[in-house]
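Chain and residue survey
As a plain string of letters, each chain reads:
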Amino acid sequence: MYKMMTPGPTQIRENVRMSMSIERGNPDIYEEFCEFYHETCLMFSKFFNTENEFYILGGEGILGLEAACASLTEKGDRVLVIDNGVYGRGFEGFVSMYGGEPVLYTVDYKNPVDVNKLDDYLKKDSNFKYATVVHCDTPSGILNDVESISNVLNNYGIMTVVDSVSASFGEPLSMGHIDILCLGSQKALSAPTGLTIVGVSDRAKKSMEERKTPIASFYANLSTFKTYYRDKWFPYTMPIYDIYALRSALENILNDKDIFERHKKIGSAVRNSIVKGGLHLYTESGFSNTVTVFNVPEKILAKEIIDIMKNKYNILIAGSFDIMEGKVLRIGHMGENCNVSDVFETLKALENTLLQLKFDLKCSISENFIKEVYSI
Ligand SMILES: *Cc1c(COP(=O)(O)O)cnc(C)c1O
């Protein structure tokens, strides 16, 4: 198997994989499972410093984003779609699919959303039911200050939906005024693919209760989880093995006391080393410490670099998609991938690949990384 240094899915620690191989019983009629599920959800609330309830849904990260929009949107609702990246813009589709009226707030894709400018915009037009914003927009690696953004939106009585699928657990975050917080299992959490975790504020729950029209989905309807704990009943059979693995991954994170510090140190050392080696980062500021995104050098194809790294060095890094396709490469140093030895090997393979492709390397990226990360 190759070393998976992509920005999700990430590598999965052995204890997480092993927890899936233990027999667990029937999640529908096994009450202890409901307790286990509930306890795991409370651990998420605690991690994000909130009393808000969390739910674990059987479906990848995208299900969380769609469920947020399906559950909040009624026909004709105006929704502010904050767009400074591919996922940011992607919310437009979910909003209109459920009858809402998306209003794009499009800004520069190379810098984070400027909170003061957003505030100025809202002074002129703040008639929105909710807004959507992405914490780390993974195709470009831009990091938005979603806590400050949700505070500003809250001042205008606007709810906030945040996609933190590829930032959370690598970047610190408190739920604060965020109304629906969407997470995924297979990014920095480093659990197997297949789950989304959503935190829902009381205001968001109330908004769902006060809807005039029913939610146009069953699977993406967050209100079906409302009484699961009281009734010991789930709207559909829970993927019990995935949830046990998720719990193990979450426990690994809770036992990892310097997780944010390590992401910061490794993220910054990767970026500095890439630049010193003569490559260029895609964004200008607001770098997420979970992923590094750099431009494909001239006269070299993204695919050539990815293929050599995979076939010759057994390491998988990622290209990108949508408007970034073929233009950038991405190294995911989040969660289990965020350790000096794996990142060093990745950078070593990258520099050897670049040399093979006759790139004019300015210095050893991997040696520079070691110097930076150990401050020598
Ligand atoms: C990975 C990711 C998702 C979820 O996508 P999946 O295809 O379900 O894994 C959502 N938002 C962001 C920003 C992501 O990086």
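Since this is a predicted model, take the numbers as computed values, not measurements.

Right, let's talk about the domain arrangement of the protein chain for a bit. Looking at the assigned domains, one finds that the protein chain contains domain 1 (13-254) and domain 2 (259-373). For domain 1 versus domain 2, the separation of C-alpha centres amounts to 29 Å. The partner domain 2 presents 24 residues to the 26 residues of domain 1 that form the contact. Summed over both sides, the interface of domain 1 with domain 2 buries roughly 2,100 Å², with 62% coming from carbon and sulfur. A per-residue breakdown of the area domain 1 buries against domain 2 is headed by Val 86, Lys 110 and Pro 139, which together make up 25% of the total. In this assembly, domain 1 and domain 2 are joined by one salt bridge. When the shortest N-O distance is used, the salt bridge between Glu 336 and Arg 13 registers 2.9 Å. At the boundary of domain 1 and domain 2, one finds 12 residue pairs in polar contact (both at pLDDT 80 or more). Sorting the residues of the side of domain 1 that touches domain 2 by element identifies helix 4 (86-97) and strand 7 (142-143) as the ones contributing at least two each. When the residues that make up the side of domain 1 that touches domain 2 are grouped by side-chain class, the tally is 14 nonpolar, seven polar and five charged.

This brings us to helix 5 (residues 115-124). In an α-helix, one turn spans 3.6 residues, which is why side chains three or four residues apart end up on the same side. Three or more residues of helix 5 are buried, namely Val 115, Leu 118 and Leu 122. The buried residues of helix 5 all sit within an arc of 55° when viewed along its axis, so they share a single face. Facing away from the buried surface of helix 5 by more than 90 degrees, the exposed residues are Asn 116, Lys 117, Lys 123 and Lys 124. The inward-facing, buried residues of helix 5 abut strand 3 (78-83), strand 4 (101-106) and helix 6 (146-155). Between the side-chain oxygen of the N-cap and the backbone nitrogen of Asn 116 there are 2.9 Å, and the N-cap of helix 5 in question is Asp 114.

A few words on the side chain of Thr 10. Positionally, Thr 10 belongs in the loop between strand 1 (3-4) and helix 1 (14-19). Judged by its relative accessible area of 1%, Thr 10 falls in the buried class. When neighbours within four sequence positions are excluded, Thr 10 is seen to be in contact with Met 4, Gln 186, Lys 187, Ser 190, Met 334 and Asn 337.

What follows is about the pairing of strand 5 (residues 130-134). Here strand 5 lies mainly inside the structure; five of its five residues are buried. Burial along strand 5 is two-sided: the face carrying Tyr 130, Thr 132 and Val 134 and the face carrying Ala 131 and Val 133 are both buried. Relative to strand 5, strand 3 is paired through three bridges, and the arrangement is parallel. The residue of strand 5 that forms the bridge with Leu 80 is Ala 131. Note that strand 5 and strand 8 (residues 159-163) share five bridges and pair parallel. When the sheet's bridge partners are listed, Val 133 is paired in strand 8 with Val 162.

Definitions and cut-offs
Residues numbered from 1 in each chain as written. Predicted model: local features only at pLDDT ≥ 70, side-chain atom pairs only at ≥ 80, totals over all residues. Heavy atoms only, no water. Domains from an automatic or database assignment. Contact = heavy atoms within 4.5 Å. Buried area = accessible area lost by both parts, 1.4 Å probe. Salt bridge = Lys/Arg side-chain N within 4 Å of Asp/Glu carboxyl O. Polar contact = N/O pair within 3.5 Å; in protein donor to acceptor, adjacent residues only side chain to side chain. Helix = DSSP H or I, 4+ residues; strand = E, 2+ residues; numbered from the N terminus. Nonpolar A, V, L, I, M, F, W, Y, C, P; charged D, E, K, R; others polar. Buried < 20%, exposed > 50% of the residue type's maximum accessible area, 1.4 Å probe, protein only. Arc of directions from axis to C-beta. Pairing = 2+ DSSP bridges.

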